[in-house]
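# Analysis of the macromolecular model
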Amino acid sequence: MSEQPLNPTPAGSPDAPPTDETPTGPARTGSTAADALADATAEETTTADEAAALRAASFERARRLRMEPRFPGGPAADPAGSHHERRIRSFQPRRSRVTTGQQESLERLWPKWGLDIDGRRVLDLAELFDGLPVVLEIGFGMGEATAQMAADDPGTGILAVDVHTPGQGNLLGLADKAGSTNVRVANGDAVILLREMLAPESLDGLRVFFPDPWPKARHHKRRLIQPDFLDLVAPVLKPGAIVHCATDWEPYAEQMLEVLTAHPRFENTTADGGYAPRPAFRPLTRFEGQGLDKGHVVHDLLFARV
């Protein structure tokens, strides 16, 4: 005979061990599941809120970096911020590494030869270039060809536009080393410069050498040489001023030729209405040489403003 406890715990009491008869009321089970679900939901919401807050903080830090000048007294990060427009741009700003020499050139020479495209004034090119005829160059890369053309033709002023900070510093340094005083470096969007900062018939020429070809079909709308762009260019060029484009991207060359030929304010200087031989004044750049080594064909187009 087995012994029984003297004071057995009544089945069903709170301290009773679970048995098959122990009641497990639906209210208790449902409440526990609901609490667990609520806790999990709250945790997920908190995690999502924290992630959103981190993303917002990261975005704000990136925005401040874009707005802050990299070099006090040098090119502004966003010179025409007040003119922000929701339009397709043909350029992609890059903030790559600036060498010590480029930084020194920016800090020393930008106050004298640099300007920001802020859209808030009309430039007096005669004053800016001491009365020299002025050619606008859009997109100069690292500036080697621009510096060479400036040195070879000191009687022509070159207003060189780009958004690439290392290239701006490099061009300033090259011009200074060569003793050229006929270069001014403009930082920002060339469209704002053409539309708001240049007087009618103030330019003696325009150069666009090896612009970004935007090769993918869905990006063709970003190409610089378009009818709307030429509509901006024509009024600020003097009659007879030359628009000189060059590219090693065959489809883009074809588009340039088509668009320039169709525009009523421009006339091809080539008798057969096609591409022109490379003029002697346009230097063979390192980039161009690399393209030629790969079998690329470079096309020059020279059109006069009528």
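Residues numbered from 1 in each chain as written. Predicted model: local features only at pLDDT ≥ 70, side-chain atom pairs only at ≥ 80, totals over all residues. Heavy atoms only, no water.

## Here's the deal with the overall build of the protein
A tally of helices and strands in the protein yields 9 helices and 8 strands. For the protein, the proportion of its 306 residues judged to be buried stands at 41%. Sequence-distant contacts, at least 24 apart, represent 80% of the contacts inside the protein between residues at least 6 apart. Put simply, the protein shows about 17500 Å² of open surface, and 55% of that area lies on carbon and sulfur atoms. (Helix = DSSP H or I, 4+ residues; strand = E, 2+ residues; numbered from the N terminus. Buried < 20%, exposed > 50% of the residue type's maximum accessible area, 1.4 Å probe, protein only. Contact = heavy atoms within 4.5 Å. Areas by Shrake-Rupley, 256 points an atom, 1.4 Å probe, with all protein chains shown as cover.)

## Comments concerning the packing of aromatic side chains
Aromatic ring pairs are described here by two measures, namely the spacing of the ring centres and the angle between the planes. Using the criterion set out here, one finds 0 aromatic pairs in the structure. The positively charged end of Arg222 is found above the aromatic ring belonging to Trp214, 5.5 Å away from the centroid. In this structure, Arg282 is placed above the aromatic ring of Phe209, and the distance from its NZ or CZ to the ring centre is 5.8 Å. (Phe/Tyr/Trp six-rings, centres within 6.5 Å; stacked < 30°, edge-to-face > 60°. Lys NZ or Arg CZ within 6 Å of the ring centre and 35° of its normal.)

## Topic: the sheet that holds strand S5 (residues 203–209)
To summarise the sheet geometry, strands pair through backbone hydrogen bonds and adopt either a parallel or an antiparallel arrangement. One open sheet accounts for 8 strands, arranged S1-S4-S3-S2-S5-S6-S8-S7; its pairing is mixed. The sheet terminates laterally at strand S1 (114–116) and strand S7 (266–268), the two strands that pair on one side only. Averaged over all adjacent pairs, the angle separating strand axes in this sheet is 25°, with direction ignored. Pairing of S5 with strand S6 (residues 237–247) involves 6 bridges; the strand directions are parallel. (Pairing = 2+ DSSP bridges. Axes fitted to C-alpha atoms, helices over the stretch in contact; angles between N-to-C directions.)

## Some thoughts on unusual backbone geometry
In this structure, Glu201 is a non-glycine residue whose phi angle is positive, near 50°. Summarising the element assignment, Glu201 is placed in the loop between helix H6 (190–197) and S5. Although it is not a glycine, Phe210 adopts a positive phi angle of roughly 55°. Position of Phe210 relative to the elements: it lies in the loop between S5 and helix H7 (227–236). Judged by relative accessible area, which is 17%, Phe210 ranks as buried.

## Observations concerning the confidence of the model for the protein
Of the residues in the protein, 77% have a pLDDT of 70 or more, and the chain-wide mean is 85. Low pLDDT (under 50) marks residues 1–10, which in the prediction has 3 contacts with non-local residues, meaning those over four places away or in another chain. Below pLDDT 50 for its whole length, residues 18–28 participates in 2 contacts with residues either more than four positions away or in separate chains. (pLDDT = per-residue confidence, 0-100.)

## Thoughts on the environment of Gly205
With respect to the helices and strands, the residue Gly205 is situated in strand S5. A relative accessible area of 3% places Gly205 in the buried class. For Gly205 and His244, which are 39 residues apart along the polypeptide, the C-alpha to C-alpha distance reads 7.8 Å. Setting aside its immediate chain neighbours within four residues, Gly205 contacts Val134, Val135, Leu136, Leu237, Ala241 and Ile242.

## Details of the pattern of salt bridges
Going through the model one piece at a time under the given rule, you end up with 7 salt bridges. One salt bridge in this structure joins Arg305 and Glu201, with 3.4 Å as the shortest N-O distance. Taken together, the positions of Arg305 in strand S8 (residues 299–305) and Glu201 in the loop between H6 and S5 put the pair 104 residues apart, joining distant regions of the chain. Of the residues examined, Arg305 reaches a relative accessible area of 8% and is grouped as buried. On the accessibility criterion, Glu201 (41% relative accessible area) is partly exposed. (Salt bridge = Lys/Arg side-chain N within 4 Å of Asp/Glu carboxyl O.)

## Points about H7
An α-helix turns once every 3.6 residues. As a result, residues three or four positions apart point the same way. Restricting attention to buried positions, one finds in H7 the residues Phe229, Leu230, Val233, Ala234 and Val236. Along the axis of H7, the buried residues cluster in a sector spanning 165°; they form a single face. (Arc of directions from axis to C-beta.)

## Some points on the packing of H6 against H7
Packing of H6 against H7 brings their axes to within 9 Å, and their N-to-C directions diverge by 45°. Here H7 runs oblique to H6, going by the angle between their axes. Handedness of the H6/H7 crossing: left-handed. Contacts between H6 and H7 involve Val191, Leu194 and Arg195 from the former and Phe229, Leu232, Val233 and Val236 from the latter. Taken together, the residues that form the contact of H6 with H7 break down as 6 nonpolar, no polar and 1 charged. (Parallel < 35°, antiparallel > 145°, perpendicular 65-115°, else oblique. Left-handed = near helix turned anticlockwise from the far one by under 90°. Nonpolar A, V, L, I, M, F, W, Y, C, P; charged D, E, K, R; others polar.)

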